[in-house]
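# Structural features, examined
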Amino acid sequence: QVQLVESGGGLVQPGGSLRLSCAASGFTFSHYAMSWYRQAPGKEREFVAVIYNTDRSTNYAKAVKGRFTISRDNAKNTVYLQMNSLKPEDAAVYYCNAKGLINWSLEYWGQGTQVTVSS
C-alpha cells in the first residue's frame, strides 16, 4: 500500500534549524511531485514547498522562502525539508504530499509530524 511517513519533527528554538524527512513507498516515487504542507491549530492547511522530479524545480510559500529548502533523493524514495531560521509562526503539523505527474488525480498524504518552535 501507499505510505508516506514523516519524521524529524520536534522542538527547536527560534532561529534554530530542523530537517524533516518523508519516506515514500508503494508507488513509483519518481512519477510524483512531492510537497510539504503545514497546519497550525485553528488555521487552514497551507502549502509550504514543492519539488518536481526530473529538473528538481521547486516552489516555496512566501512565508518560508529563503529559509526552507526542499529536496528529494529518488534512490531513497525520500523527500526532505530543511528548515532554517525558524520562527514561532512556523510551529505546525507538517504533512508530506505526493501528486502524480501524469495523473494529477493521484494524490497521497502522510500523517504529519509536529514542529514546535519555542525558547
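The paragraphs below set out a description of the structure included in this document. (Residues numbered from 1 in each chain as written. Predicted model: local features only at pLDDT ≥ 70, side-chain atom pairs only at ≥ 80, totals over all residues. Heavy atoms only, no water.)

### A look at the overall build of the protein chain
- Within the protein chain, the regular secondary structure consists of zero helices and eleven strands.
- Here the protein chain has a C-alpha radius of gyration of 14 Å; the compact-globule value for 119 residues is 14 Å, and the two agree.
- C-alpha atoms of the protein chain, sized along the principal axes, occupy 40 × 25 × 25 Å.
- By the burial criterion, 40% of the 119 residues in the protein chain qualify as buried.
- Sequence-distant contacts, at least 24 apart, represent 55% of the contacts inside the protein chain between residues at least 6 apart.
- In the form shown here, the protein chain has an accessible surface area of approximately 6500 Å², with 48% of it arising from carbon and sulfur atoms.
- Of the side chains in the protein chain, 12 bear a positive and 8 a negative charge, and the two mean positions are spaced by 4 Å. (Helix = DSSP H or I, 4+ residues; strand = E, 2+ residues; numbered from the N terminus. Rg over C-alpha atoms; globule rule 2.2 N^0.38 Å. Buried < 20%, exposed > 50% of the residue type's maximum accessible area, 1.4 Å probe, protein only. Contact = heavy atoms within 4.5 Å. Areas by Shrake-Rupley, 256 points an atom, 1.4 Å probe, with all protein chains shown as cover. Lys, Arg positive; Asp, Glu negative; His and termini not counted. Charge placed at Lys NZ, Arg CZ, Asp CG, Glu CD.)

### Comments concerning the pattern of salt bridges
- Applying the stated criterion to the full structure yields four salt bridges.
- Aspartate 90 is the partner of arginine 38 in a salt bridge, and the nearest nitrogen-oxygen pair spans 2.9 Å. Here aspartate 90 lies in the loop between strand 8 (78-83) and strand 9 (92-100) and arginine 38 lies in strand 4 (residues 32-39), a separation of 52 residues in the sequence. Residues arginine 38 and aspartate 90 agree in their burial class; the two are buried.
- Residue aspartate 90 is joined to arginine 67 by a salt bridge in which the shortest nitrogen-to-oxygen separation is 2.7 Å. One end of the pair, aspartate 90, is in the loop between strand 8 and strand 9; the other, arginine 67, is in the loop between strand 6 (58-60) and strand 7 (68-73), with 23 residues separating them in the sequence. Here aspartate 90 matches arginine 67 in class, with each residue buried.
- Three or more residues are tied together by salt bridges with common partners; here these are Arg38, Glu46, Arg67 and Asp90. (Salt bridge = Lys/Arg side-chain N within 4 Å of Asp/Glu carboxyl O.)

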